[in-house]
Protein chains: 2
Amino acid sequence: MASRTRRAERREEPLSRERIVEAAIALLDTAGEGGLTFRALSERLATGPGAIYWHVTGKDELLLAAADAVVTGSMSAGAAGPADATPQDAIRALALGVFDAIDAHPWIGTQLARTPAQSPLLRVFEGLGRQVRALGVPHAAQFTAASALLNYILGVGGQNAANARAHHPAGSRTEFLETAAAAWAALDPEEYAFTRDVAAQLRDHDDRVEFLAGIDLILGGITADR
Amino acid sequence: MASRTRRAERREEPLSRERIVEAAIALLDTAGEGGLTFRALSERLATGPGAIYWHVTGKDELLLAAADAVVTGSMSAGAAGPADATPQDAIRALALGVFDAIDAHPWIGTQLARTPAQSPLLRVFEGLGRQVRALGVPHAAQFTAASALLNYILGVGGQNAANARAHHPAGSRTEFLETAAAAWAALDPEEYAFTRDVAAQLRDHDDRVEFLAGIDLILGGITADR
DNA sequence: ACCTGAACACCGTTCAAGT
DNA sequence: ACCTGAACACCGTTCAAGT
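Everything in this summary refers to the structure shown in the same document. (Residues numbered from 1 in each chain as written. Chains lettered and ligands numbered in written order. Predicted model: local features only at pLDDT ≥ 70, side-chain atom pairs only at ≥ 80, totals over all residues. Heavy atoms only, no water.)

**What about the overall build of chain A?**
Next, step 1: The helix and strand tally for chain A stands at 13 helices and 0 strands.
Next, step 2: For chain A, the N- to C-terminal ordering of α and β elements is α-α-α-α-α-α-α-α-α-α-α-α-α.
Next, step 3: Relative to all contacts within chain A whose residues are 6 or more apart in sequence, the contacts with residues 24 or more apart total 67%.
Next, step 4: For chain A, the exposed area adds up to about 10700 Å²; of that, 55% sits on carbon and sulfur atoms. (Helix = DSSP H or I, 4+ residues; strand = E, 2+ residues; numbered from the N terminus. Contact = heavy atoms within 4.5 Å. Areas by Shrake-Rupley, 256 points an atom, 1.4 Å probe, with all protein chains shown as cover.)

Now the structure itself:
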């Protein structure tokens, strides 16, 4: 009956690819990765599931378009930055933009990790590459440097999405890290000597700080032999 | 009828978690990520789909166990190495072990990217951390260094899996890169100046070499300020 | 204790039929 | 041209019933 009312209100505007993608993002944000269903989506759009196929070829394309829209939005928001920023700062800002987008929409972490370097990621790659070039990296090494940065960002994104999936149903992030750190501390002292030893760091670390520290390691390697 | 024969032959050994995981790996390798189905799996094991649930709690656990088995196998194969290797070499060997495992079984790339730092990855993390420590990294920075390496490895793994998915149905890897490079070269000259410029590197690069170059960038950053 | 396989509650996608 | 919604061919998972 709630859906009946919404149905009546909503149906002024016609269906469009844009409205479908928008509704898909809302669904993914509220109901998670498993919540995006052509049935749920069509109900929200007050239509039948088949109608969606007129504007979108299938679920894969829809997921890609949704991730694309979010990443594009996050880049135009953060990419500006101060004009006198160093290339390092510009790279950090770019990376944080993707990081924060994944933090706000965990499902794109999974999505980007399974997307080949196509549409949504290409803009990020381009942005990273320009700054790599601005760092004075020789031409032959630019592809490697930009790729390394992007791959690292994607790896963290996937991990973050996995962690969000792991703790969101159960409780807070702090509890989750507490539990994970306790599990690390209880590992076999011989077989997992190192992991046990850094369990406290797992518990106390700040995701953003840690992420940027990793970026800085790569930046350090890129600029090491100048 | 082929399945009838197999059914008759196979059914001497009883069902076990180990046999189920083994069959799941075989199915994933031959039929891809979409090929792992409880129905297909139960047919291969000459039983009903319900029987599998006696040994395994569900599909998620099965996928995790399959990835775990492959990674564990690949680590015991490659982790030995020469005893006098430098920490850098040991890290490269470890990283290449995971890389090659993903190359041989692309589905674990997707799987690992969505696994939080649990079972299969914990052994990799431990191995990386020990070598980080052997590099003389101060205690407070060890967690960051090992995490950065692992996240980079996972990012590349996810990308490789995505690429394998993208080109396997159509044709060879070379053709795929050729097409992708051509697409890059045809991008807008203003908006994608950098990406266009490195299109040739995309076409000619060697995945393993590029992967190791990224590892070396991070290693460079880790050891830069010693 | 372990296995069987029918049944349940879903999916993504297609397609004849409507406007 | 665009939408509708029933129907198809699947899924993962459960569970009464068997041995």
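Past the structure itself, the notes keep going.
**Brief notes about the interface of chain B and chain A**
Next, step 1: Across the boundary between the two partners, chain B contributes 55 residues, which contact 56 residues of chain A.
Next, step 2: Carbon and sulfur atoms supply 61% of the area buried between chain B and chain A, which totals about 4700 Å² over both sides.
Next, step 3: The largest share of the area that chain B buries against chain A comes from Phe 143, Phe 194 and Leu 217 of chain B, three residues that together contribute 16% of it.
Next, step 4: Along the contact surface separating chain B from chain A lie 2 salt bridges. (Buried area = accessible area lost by both parts, 1.4 Å probe. Salt bridge = Lys/Arg side-chain N within 4 Å of Asp/Glu carboxyl O.)

**Topic: the relation of the copies chain B and chain A**
Next, step 1: For these two chains of identical sequence, chain B goes onto chain A by a turn of 180° and a shift of 0.0 Å along the axis, with RMSD 0.0 Å. Both copies of the chain, as the preceding transformation shows, are related through a two-fold rotation axis.
Next, step 2: Most of the interface of chain B is mirrored in chain A, where 100% of its interface residues are also at the interface. (Least-squares fit on C-alpha atoms with pLDDT ≥ 70 in both.)

**Observations regarding the pattern of salt bridges**
Next, step 1: A full pass over the atoms with the stated rule returns 20 salt bridges over all chains.
Next, step 2: Here Asp 100 of chain B and Arg 208 of chain B are joined by a salt bridge, their closest N and O atoms 2.5 Å apart. One end of the pair, Asp 100 of chain B, is in helix 6 (residues 87-104); the other, Arg 208 of chain B, is in helix 13 (residues 207-223), and 108 residues separate them in sequence.
Next, step 3: Residues participating in the shared-partner salt-bridge network are Asp 89, Arg 92 and Asp 216 of chain A.

**Thoughts on the protein's contact with DNA strand D**
Next, step 1: In the vicinity of DNA strand D there are 18 residues, among which Thr 47, Gly 50 and His 55 of chain A together with Arg 39 and Lys 59 of chain B approach most closely.
Next, step 2: Residue Leu 15 of chain A places a main-chain N or O atom 3.2 Å away from a phosphate oxygen belonging to DNA strand D.
Next, step 3: Taking Arg 39 of chain B, its side chain carries an N or O atom lying 2.6 Å from a base nitrogen of DNA strand D.
Next, step 4: In terms of residue class, the surface near DNA strand D is built from 7 nonpolar, 7 polar and 4 charged. (Near = heavy atom within 4 Å. Polar contact = N/O pair within 3.5 Å; in protein donor to acceptor, adjacent residues only side chain to side chain. Nonpolar A, V, L, I, M, F, W, Y, C, P; charged D, E, K, R; others polar.)

**Points about the packing of aromatic side chains**
Next, step 1: Considering all chains together, one arrives at 12 aromatic pairs over all chains under this definition.
Next, step 2: Between Phe 125 of chain A and Trp 184 of chain B, the aromatic rings sit 5.2 Å apart at their centres with planes inclined by 40°, giving tilted as the arrangement. On the criterion of chain membership, the pair formed by Phe 125 of chain A in helix 8 (residues 119-134) and Trp 184 of chain B in helix 10 (residues 173-185) is interchain, its members lying in two chains.
Next, step 3: One aromatic cluster in this structure is built from Phe 125 and Phe 143 of chain A together with Trp 184 and Phe 194 of chain B. (Phe/Tyr/Trp six-rings, centres within 6.5 Å; stacked < 30°, edge-to-face > 60°.)

**Focus on the protein's contact with DNA strand C**
Next, step 1: Lining the immediate environment of DNA strand C, one finds 18 residues, of which Arg 39 and Lys 59 of chain A together with Thr 47, Gly 50 and His 55 of chain B sit closest.
Next, step 2: Trp 54 of chain B is positioned such that a nitrogen or oxygen atom in its side chain is 3.4 Å from a phosphate oxygen of DNA strand C.
Next, step 3: Elements represented by at least two residues in the surface near DNA strand C include exactly helix 3 (38-44) of chain A together with helix 4 (49-52) of chain B.
Next, step 4: Sorting elements by how many residues they give to the surface near DNA strand C places helix 4 of chain B first, with 3 residues.
Next, step 5: The residue makeup of the surface near DNA strand C, split by class, is 7 nonpolar, 7 polar and 4 charged.

**A word on the side chain of Thr 223 of chain B**
Next, step 1: Relative to the elements of secondary structure, Thr 223 of chain B occurs in helix 13.
Next, step 2: In this view, Thr 223 of chain B contacts Gln 88 and Leu 135 of chain B; residues no more than four positions away in its chain are not counted.

**Re the environment of Ile 222 of chain B**
Next, step 1: Summarising the element assignment, Ile 222 of chain B is placed in helix 13.
Next, step 2: Distance from Ile 222 of chain B to Glu 210 of chain B, taken between C-alpha atoms, is 19 Å for residues 12 residues apart in sequence.
Next, step 3: The residues touching Ile 222 of chain B, leaving out its near neighbours within four places in the chain, are Leu 217 of chain A together with Leu 135, Val 137, Ala 145 and Leu 149 of chain B.

**Focus: the packing of helix 9 (residues 139-167) of chain A against helix 13 of chain B**
Next, step 1: The geometry of helix 9 of chain A relative to helix 13 of chain B is characterised by a closest axis approach of 9 Å and an angle of 75° between their N-to-C directions. In terms of orientation, helix 9 of chain A lies roughly perpendicular with respect to helix 13 of chain B. Side by side, helix 9 of chain A and helix 13 of chain B meet where Phe 143, Thr 144, Ala 145 and Ala 148 of chain A of the first sit next to Glu 210, Ala 213, Gly 214 and Leu 217 of chain B of the second.
Next, step 2: Classifying every residue of the contact of helix 9 of chain A with helix 13 of chain B gives 5 nonpolar, 2 polar and 1 charged. (Axes fitted to C-alpha atoms, helices over the stretch in contact; angles between N-to-C directions. Parallel < 35°, antiparallel > 145°, perpendicular 65-115°, else oblique.)

**Some remarks on helix 8 (residues 119-134) of chain B**
Note: α-helices contain 3.6 residues per turn, so residues at a spacing of three or four share the same orientation.
All names here are of chain B.
Next, step 1: Taking 1.5 Å as the rise per residue, helix 8 with 16 residues should run 22 Å; its terminal C-alpha atoms sit 23 Å apart, in good agreement.
Next, step 2: Buried within helix 8 are the following residues: Pro 120, Leu 121, Leu 122, Val 124, Phe 125, Glu 126, Gly 127, Leu 128, Gly 129 and Val 132.
Next, step 3: Gly 136 lies just past helix 8 and shows a positive phi near 90°. (Expected span 1.5 Å × (residues − 1). Buried < 20%, exposed > 50% of the residue type's maximum accessible area, 1.4 Å probe, protein only.)

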